[in-house]
Amino acid sequence: MNKKMNNLKSKLICLDDSSLPDDQKYLEIDLTDCEIIVGRGESCNIVLKSNSISRKHARIFPAQNKWCIEDLNSSNGISINNKKIKNAVLVHGDIINFATIPFRYEIIVPENIEFKNNQDIEKTFLISEPGAIEAILDAAKKSKNQTSTKKDTVKTSKANNLNQSKVKDKPSKSKYKFIFFIILLLGLSVAIFIFYNTIYKVQKEKERFIEKYQKELKEFTEKYENYPKTFDIIANVSNISEINKLLKKIRSAYLKYEQDIILQSIEATLIFMRLEREVHYCIAHKKAGDAIKLVKDSENNLKKFTSVDAIKELANMLKLMEIVVLYKIFEEKYPYPDINNINNELKDEIIKYEKTLKDEFIELKKKNYSILMIKYPYFNEIIKDVDDRSLILVHKWADLLSYSNK
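On a predicted model such as this, the values are computed, not experimentally measured, just so you know.

Enquirer: Got a minute to help me understand the pattern of salt bridges in this structure?
Expert: Side-chain pairs of opposite charge can arise where the charged atoms are in close proximity. All told, the structure shown has 22 salt bridges when counted by the stated rule. A salt bridge links Lys-319 to Glu-360, with the shortest nitrogen-to-oxygen separation between them at 3.8 Å. You can see Lys-319 sitting in helix H8 (residues 308-333) and its partner Glu-360 sitting in helix H9 (residues 344-367), a full 41 residues away along the chain. Note on Lys-319: relative accessible area 32%, which makes it partly exposed. Assessed through its relative accessible area of 31%, Glu-360 is described here as partly exposed. Through salt bridges with shared partners, a single network forms among Lys-296, Glu-299, Lys-319, Glu-322 and Glu-360.

Enquirer: Even after reading the chapter, I still don't get a nonpolar patch on the surface, so can you show me in this structure?
Expert: Taken together, the side chains of Phe-178, Ile-179, Phe-181, Ile-182, Ile-183, Leu-185 and Leu-186 make up a nonpolar region of the molecular surface, amounting to roughly 700 Å² of accessible area. Within the secondary structure layout, Ile-182 lies in helix H4 (residues 173-224).

Enquirer: Looking at this model, I keep getting lost on the packing of aromatic side chains. Mind explaining?
Expert: The description of two aromatic rings rests on the distance between their centres and on the angle between their planes. Evaluated as defined, the whole model comprises eight aromatic pairs. Judged by centre distance (5.3 Å) and plane angle (70°), the ring pair of Tyr-327 and Tyr-353 falls under edge-to-face. With Tyr-327 in helix H8 and Tyr-353 in helix H9, the pair connects residues that are 26 residues apart, well separated along the chain. The exposure class assigned to Tyr-353 is buried, which follows from its relative accessible area of 4%.

Enquirer: Quick question: what am I supposed to make of unusual backbone geometry here?
Expert: The phi torsion of most residues other than glycine is negative, and most of the peptide bonds are trans. A positive phi angle is found at Tyr-26, which is not glycine, with a value near 55°. Relative to the helices and strands, Tyr-26 resides in the loop between strand S1 (9-14) and strand S2 (28-31). With relative accessibility at 74%, the residue Tyr-26 sits in the exposed group.

Enquirer: Could you clarify how one ought to interpret the sheet that holds strand S5 (residues 58-63) in this entry?
Expert: Across a sheet, paired strands are connected by hydrogen bonds in the backbone, their directions being either parallel or antiparallel. Across the sheet, which stays open at both edges, the five strands sit in the order S4-S3-S5-S6-S9 with mixed pairing between neighbours. The outermost strands of the open sheet, each flanked by one partner alone, are strand S4 (46-47) and strand S9 (87-89). In this structure, S5 lies alongside strand S6 (residues 66-71), joined through six bridges in antiparallel fashion. Paired with Ala-63 across the bridge in S6 is Lys-66.

Enquirer: Would you take a moment to explain the nonpolar core for this structure?
Expert: Across soluble globular proteins, nonpolar side chains have a tendency to be buried as a group. Membership of the largest hydrophobic core comes to 57 residues, with the highest contact counts inside it found for Phe-272, Tyr-327, Phe-330, Phe-361 and Phe-379. Counting residues per element, this core draws most heavily on H8, at twelve residues. Non-local contacts of Phe-272, meaning those with residues more than four positions away in its chain, are made with Leu-314, Met-317, Leu-318, Met-321, Tyr-376 and Phe-379. Judged by nonpolar contacts, the second largest core, of 27 residues, contains Leu-12, Ile-46, Leu-48 and Ile-69.

Enquirer: Which parts of the structure should I look at to understand the packing of helix H6 (residues 261-284) against helix H11 (residues 377-405)?
Expert: Angle between the axes and distance between the axes are the two parameters that describe a pair of packed helices. Two elements in contact, H6 and H11, have axes separated by 9 Å at closest approach and are oriented at 35°. When you trace H6 past H11, the crossing you get is left-handed. Side by side, H6 and H11 meet where Phe-272, Glu-276, Arg-277, His-280 and Ile-283 of the first sit next to Tyr-378, Phe-379 and Ile-382 of the second. A class-by-class count of the residues in the contact of H6 with H11 yields five nonpolar, one polar and two charged.

Reading guide: rules and limits
- Residues numbered from 1 in each chain as written.
- Predicted model: local features only at pLDDT ≥ 70, side-chain atom pairs only at ≥ 80, totals over all residues.
- Heavy atoms only, no water.
- Salt bridge = Lys/Arg side-chain N within 4 Å of Asp/Glu carboxyl O.
- Helix = DSSP H or I, 4+ residues; strand = E, 2+ residues; numbered from the N terminus.
- Buried < 20%, exposed > 50% of the residue type's maximum accessible area, 1.4 Å probe, protein only.
- Patch = residues over 30% accessible without salt bridge, like charges linked within 9 Å, V, L, I, M, F, W, Y side chains within 5 Å.
- Areas by Shrake-Rupley, 256 points an atom, 1.4 Å probe, with all protein chains shown as cover.
- Phe/Tyr/Trp six-rings, centres within 6.5 Å; stacked < 30°, edge-to-face > 60°.
- Pairing = 2+ DSSP bridges.
- Core = buried A, V, L, I, M, F, W, Y, C linked by side-chain atoms within 4.5 Å.
- Contact = heavy atoms within 4.5 Å.
- Axes fitted to C-alpha atoms, helices over the stretch in contact; angles between N-to-C directions.
- Left-handed = near helix turned anticlockwise from the far one by under 90°.
- Nonpolar A, V, L, I, M, F, W, Y, C, P; charged D, E, K, R; others polar.

Quick look at the structure:
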């Protein structure tokens, strides 16, 4: 590698990391002497964890004292300054888009350097990279401005000291105290104003977030919360996808407002709406046993909430969902009442479902009637199905058990 590459370093700075995960925020890519492969695949030098990025998206490499870029037949392509390219030479200040993720290419020059013109620069560096001279002149100009400012400050300070030394009558100590008190009072007033103004802005921003997510939740409920007459797997998957998108937005807001009880209530509602559809899928495919694990996984989410109301409501709904799943497991296991199939194990289950579990089921339905009707009509229809089928089936088995005991 030549002297130019050793003297001037380059880097790619990410301008919008919203589509990248938390561990790739504020991403910068240093360009050294070696070729770099950028892509989603683990074998790449730089891994961009985004679905818009191909497994091997682009190659960045040094050639003839310049940095070049090449598209490796990626799905979503590369653009430089909003123009699609297959390969190009990078220029200082270029905006490079890997699919939808933008980076700025910058040449990094040493600090505190002063140059008069391009010839002066070329005496110090071997320049052949496009935009390099402009980058160095910009840095030199900033350095010169800083030096000039420092000199002016020193001159001003000396002049002030000279003027002060000429003053014969010094102010009294009481006058100094009064001035100090006024300055202190003004500083305190400014600090208080800034503090309360910041709190006000944060509160208003939080209110806008909450209003936005409440509106999105309401729209989703009105559009999708009606229970379908027949199970539609495409609609089911689509609903779950929409819920996950809303949950992602809510959880991003937690970075600022983690303890907000309204946001926690919205998240708890979305978690249960997702569970409704996942359990419905299991029931429709005669896999009620798989639904028990889904309920248990959702119960683990209770630990993250601090809102008493959110915890209480979600806990009640999960307990009711667990009972629904247990009835559906019984329905799958013993679909046809037959006195010849009654054994000791089945007797115990019939007693459990007909008495203990049934009483708890009825009590929870009654206790959460309003919530089921308003917030969770989808789940309420699943409960009705248990009333119309599962409870009647258990009751038939109980009648046979009573008959066999005579």
